Structures are given as structure tokens and as C-alpha cells.
Amino acid sequence: MVIILNETAPEIEVQELEQFLSAYNVQIKPTVGEHTVIWGLIGDTSKIDLDTLLTYPCVNDVKRIQEPFKAANRKFHPEPTTVKIAEGIEIGGGHFQVIAGPCSVETEEQITEVARDVQAAGARLLRGGAFKPRTSPYAFQGLRAEGLELLLEAKQATGMPVVTEIMSAAHLPLFKDVDVIQVGARNMQNFELLKELGKQDKPILLKRGLANTIEEWLMSAEYIMSEGNQNIILCERGIRTFETATRNTLDLSAITVLKEKTHLPVIVDPSHATGVRRYVESMALAAVAAGADGLIIEVHNNPQKALCDGAQSLTPGQFENTMKKVEKLRNFMISEIF
Ligand code: PEP
Ligand code: MN
């Protein structure tokens, strides 16, 4: 339920309303906009009578929210959310960022070299997996704790905030200095993990599950938000369809649907969505054109030798070219379209 308050309501009237609501055991989430104050009510609101609410002089309007996601709902929070990652690095609400780096951290030279290359090309955040969710238990599983150390060394060397995937809440102490914790597609519905991440104050990059609907994805965001952490960035990374020409099918329409349904920022991963290096650039540009708040792109300094996802990894040179086009398209959109 959403209550829209009268702009000029005196404090005493607002307190009366608060008093009335306190009997229903609901949480009030206020959003203060430029001209309106909206209260999102979280909890069981079924017993609250709409007409009674409308009798309070401070109430302008009341709406029931049909969707099961509340905190993530745009009706609760009409302004887009900006997630702050580090000083001067934000995503959402008009702030666009590119996250780049290898699928997996492999060696100190590899991660530091790629970090410097992607930084020089304009990426502001570094990605690199240490705990890898591989389909086969015999495949490279990531360097785990050592991989995180190497990633943090690259952070030190370049000053770039880092994004890396968590697979178990038991590993959280190792993520102390990580800037953005990624929840991979395979863990999008690992509800116990989501609840633990809800208790953290770090931004969470929540990837869409391989075969999950937008509503299920937003319910996963809701799991994190309902525990307190509101800093969520959604990442469309392609879904399973009957198509085999690409690794997944990039659901670009998810961007536009999400912009309507939620205030959370949305970025796109064209690397996992296509699985094919030569398709990455056009899908990155398409995502920008569709209004994404950012991109996450895999880059490797020697893709042929990559221990994971080499086929979809751009070389630093290819990444630099892609970045130039992304920048041009963004500038064109800002100056000519919006
Ligand atoms: C990754 O980012 O390397 C990854 C494993 O992504 P996803 O969870 O989208 O497959
Ligand atoms: Mn990968």
C-alpha cells in the first residue's frame, strides 16, 4: 500500500496517521520527493481500510500495490535509485558506469594488467571472479581466497573499486574490502544468501537467474531489501531459450520493463548474454540505447588462454574500441534524444 501525503500537512496530522498505522504492525518507508511525500507500507496491509485512511486530513491519496514486490516497486519510490559505490562513482539516476575485467582472476600479472587496460579505456570498476560457479566440478573453480587477494591488489594498484561474485554466506568475511558483491545467475534464488546480503551495507549486483521471470528477479531483490540493504543493481545477463546460436538470449526488453516496475538501476552483461566475442559490442550498444544504467563486460589480455569464458572475452584493444562507441552513443543520446 502507498499513501500519498498532502504536501502542506502539519506535523500533528502526520503523527495522528502514524498513530493509527501503529496498530497494524506495518513498516513505513517514506520517500520524500520534490513535491510529494510518499509512504510505502510494508507488511500485511489487508486489514487497513482505505476509506478510513482517506478521512485523515494529511492523506491525499491511497493506492494498493498489487505486485508482490514492495520496497523494489517504483510506486513506492518514484525517483530512480542511485547506488553509490565509491567517492564519485555512482550507478543509476542518470549515472552510467562500465564494469570490466576478466571472468576469473588467474594471476597477479593478469588481473593487474587487465585492470590497467580497462581503466585506461574508461571503465571505472573492475570485475574478476574468485569463486566461480562452474557447471562441471572438474572445471577451474577459481582461485577462491587467493583470487580475492589478487583482485584487491589490483584495486590497490589502480584505485578501481572491485566487483566479485559470492557463492556462500560463509565466505562473507573474505569480502570485507570488496566494493560490490555480485550474486550470480545461479544463486539468484538462494534465499538464505540473499537474506545475509540484506544485512550488509555494500552494494549488491544481482544478476538475473538463467530461467527466471522479471517478477521472480524483483522478489529476489525484495529479499535483500527487506533485510535492510537498499543498494541493489540489477543485471540482465541473458536467459535460457530454445535458441542455441548464442549462449543465452539477451532480454533487452527487461530494461524497459524494469524501468517501469522498479526504481533500482539496471545494467547489462552482453558477455554472458551472447557467449561470443564478436556479438558483445553490438549488444552493449543496444543496451545503452535501451536505457541501461551501465554495462559489465568480460575482458582478458589473452582470451585464447583464459581459464574461463575466453570465447566471450574481449581483448583490451577490442574493449577500447567498444568503449569509444559506447561513449559516442551516450553523448548522442544525452544531447540529441533526452
Ligand atoms: C560471471 O559474471 O562470471 C558469471 C558467472 O555470470 P552469470 O552468473 O551471469 O553466469
Ligand atoms: Mn564469466
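Residues numbered from 1 in each chain as written. Chains lettered and ligands numbered in written order. Predicted model: local features only at pLDDT ≥ 70, side-chain atom pairs only at ≥ 80, totals over all residues. Heavy atoms only, no water.

Engineer: Give a description of the sheet that holds strand β14 (residues 294-298) that names residues and reports values.
Structural biologist: In sheet architecture, strand pairing relies on hydrogen bonds along the backbone and comes in two forms, parallel and antiparallel. Taking strand neighbours around the barrel as the criterion, the eight strands line up as β7-β8-β9-β10-β11-β12-β13-β14 in a closed arrangement whose pairing is parallel. When the angles between neighbouring strand axes are averaged without regard to direction, this sheet yields 30°. Strand direction decides the pairing type here: strand β9 (residues 162-166) and strand β10 (residues 180-183), joined by four bridges, are parallel. From the neighbouring strand, Glu165 faces β10, where its bridge partner is Gln182. (Pairing = 2+ DSSP bridges. Helix = DSSP H or I, 4+ residues; strand = E, 2+ residues; numbered from the N terminus. Axes fitted to C-alpha atoms, helices over the stretch in contact; angles between N-to-C directions.)

Engineer: Mind laying out the coordination of the manganese ion (ligand 2), listing which residues take part and the relevant values?
Structural biologist: Each pair of donors in an ideal four-coordinate tetrahedral metal site encloses 109.5 degrees, whereas pairs in an ideal six-coordinate octahedral site enclose 90 or 180 degrees. The coordination sphere of the manganese ion (ligand 2) contains the protein donors Cys103 (SG), His272 (NE2), Glu298 (OE) and Asp309 (OD), at a distance range of 2.0 to 2.4 Å. Here the donor residues of the manganese ion (ligand 2) are spaced in sequence according to C-x168-H-x25-E-x10-D. In this pair, Glu298 is assigned in strand β14 and Asp309 in the loop between β14 and α10 (316-337), connecting sequence segments eleven residues apart. A relative accessible area of 1% places Glu298 in the buried class. The exposure class assigned to Asp309 is buried, which follows from its relative accessible area of 19%. (Donors = N, O, S within 2.8 Å, 3.2 Å for Na, K, Ca; no water. Buried < 20%, exposed > 50% of the residue type's maximum accessible area, 1.4 Å probe, protein only.)

Engineer: Could you give an account of the pattern of salt bridges, with specific residues and numbers?
Structural biologist: What the rule picks out here adds up to 15 salt bridges. Measuring nitrogen to oxygen at the nearest pair gives 3.0 Å for the salt bridge that ties Lys155 to Asp179. Residue Lys155 is found in helix α4 (residues 144-158), and its partner Asp179 is found in the loop between β9 and β10; the two are separated by 24 residues along the sequence. By relative accessible area, Lys155 is classed as partly exposed at 22%. For Asp179, a relative accessible area of 14% gives the class buried. For Asp251, the salt bridge is made with Arg208, and the minimal N-O distance between the two is 2.8 Å. Residue Asp251 is located in the loop between β12 (232-236) and α7 (253-261), and its partner Arg208 is located in the loop between β11 (204-207) and α6 (214-226); the two are separated by 43 residues in the primary sequence. According to the relative accessible area criterion, Arg208 is buried, its value standing at 4%. (Salt bridge = Lys/Arg side-chain N within 4 Å of Asp/Glu carboxyl O.)

Engineer: Tell me about a negative patch on the surface, residues and numbers included.
Structural biologist: A surface patch of negative charge is lined by Glu108, Glu109, Glu113, Asp117, Glu146, Glu149 and Glu153. Residue assignment for the negative patch shows that the elements contributing at least two residues are α3 (108-121) and α4. With four residues, α3 is the single largest residue contributor to the negative patch. Its place among the elements puts Asp117 in helix α3. Overall, the relative accessible area of 30% leaves Asp117 in the partly exposed class. (Patch = residues over 30% accessible without salt bridge, like charges linked within 9 Å, V, L, I, M, F, W, Y side chains within 5 Å. Areas by Shrake-Rupley, 256 points an atom, 1.4 Å probe, with all protein chains shown as cover. Lys, Arg positive; Asp, Glu negative; His and termini not counted. Charge placed at Lys NZ, Arg CZ, Asp CG, Glu CD.)

Engineer: Explain the packing of aromatic side chains to me, using residue names and the numbers behind them.
Structural biologist: The description of an aromatic ring pair uses the distance of the two centres, along with the angle that the planes make with each other. For the structure shown, the criterion picks out four aromatic pairs. Summarising the aromatic geometry, the rings of Phe131 and Phe175 are spaced 6.1 Å apart at their centres and angled 25° between planes, so their arrangement reads as stacked. A residue pair is termed long-range when its members are at least 10 positions apart, and Phe131 in the loop between β8 (125-127) and α4 and Phe175 in the loop between β9 and β10 qualify at 44 residues. Residues Phe131 and Phe175 agree in their burial class; the two are buried. (Phe/Tyr/Trp six-rings, centres within 6.5 Å; stacked < 30°, edge-to-face > 60°.)

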